[in-house]
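Summary of the model geometry
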Amino acid sequence: MARRLEIVLRGSEVEDVRLDGESLWPTWFKVEFKETGQVSAKIKGERLSTNFGDEIIFTHLE
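For the structure given in this document, a descriptive report is provided here.

Calculation rules
Residues numbered from 1 in each chain as written. Predicted model: local features only at pLDDT ≥ 70, side-chain atom pairs only at ≥ 80, totals over all residues. Heavy atoms only, no water. Helix = DSSP H or I, 4+ residues; strand = E, 2+ residues; numbered from the N terminus. Rg over C-alpha atoms; globule rule 2.2 N^0.38 Å. Buried < 20%, exposed > 50% of the residue type's maximum accessible area, 1.4 Å probe, protein only. Areas by Shrake-Rupley, 256 points an atom, 1.4 Å probe, with all protein chains shown as cover. Lys, Arg positive; Asp, Glu negative; His and termini not counted. Charge placed at Lys NZ, Arg CZ, Asp CG, Glu CD. Core = buried A, V, L, I, M, F, W, Y, C linked by side-chain atoms within 4.5 Å. Contact = heavy atoms within 4.5 Å. Pairing = 2+ DSSP bridges. Axes fitted to C-alpha atoms, helices over the stretch in contact; angles between N-to-C directions. Phe/Tyr/Trp six-rings, centres within 6.5 Å; stacked < 30°, edge-to-face > 60°.

Across its full length, the chain carries zero helices and seven strands. Seen in sequence order, the chain has helices and strands lined up from the N terminus as β-β-β-β-β-β-β. In terms of overall size, the chain behaves like a compact globule, its C-alpha atoms giving a radius of gyration of 11 Å where 62 residues would be expected to give roughly 11 Å. The dimensions of the chain, computed from C-alpha atoms along their principal axes, are 30 × 25 × 15 Å. In the chain, which comprises 62 residues, the share counted as buried stands at 29%. When the accessible surface of the chain is totalled, it reaches about 4300 Å², and 50% of it is carbon and sulfur. Charged side chains of the chain number 9 positive and 12 negative; the gap between the two group centres comes to 5 Å.

Rendered as structure tokens:
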């Protein structure tokens, strides 16, 4: 099953992080951008990768 990680930014600050719609902020997480164009992330022990069909989305609010 593909997962969806949404990182919501307001200006340059993280406002929320949602995994499959559930807010997990404030929780440690990391996002990596690969040379191949793939994006991977880790949050709460869950590993996500666009290579495996997961969505990693950044939403920027003004």
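On we go.
With that out of the way, let us pick up the nonpolar core. Grouped together as the largest cluster of nonpolar side chains are eleven residues: L5, I7, L9, V17, L19, L24, V39, A41, I43, L48 and I56. Those elements giving two or more residues to this core turn out to be β1 (4-10), β2 (13-19) and β5 (39-43). Sequence-distant contacts of I56, that is, excluding residues within four places in its chain, are made with L5, I7, V39, S40, A41, L48 and T50.

Below, the discussion takes up the sheet that holds strand β4 (residues 29-33). Spatially, the three strands line up as an open sheet ordered β4-β5-β6, and their pairing is antiparallel. Of all the strands in the sheet, just β4 and β6 (46-49) have a single pairing partner and so form its edges. Shown here is a sheet whose adjacent strand axes are inclined to one another by a mean of 10°, direction ignored.

Before going further, it helps to examine the packing of aromatic side chains. According to the stated counting rule, one finds two aromatic pairs in the structure shown. Here F33 and F58 contribute two aromatic rings whose centre-to-centre distance is 6.0 Å and whose plane-to-plane angle is 25°, an arrangement assigned as stacked. A residue pair is termed long-range when its members are at least 10 positions apart, and F33 in strand β4 and F58 in strand β7 (residues 55-61) qualify at 25 residues. On the basis of relative accessibility, which here comes to 60%, the residue F33 falls in the exposed class.

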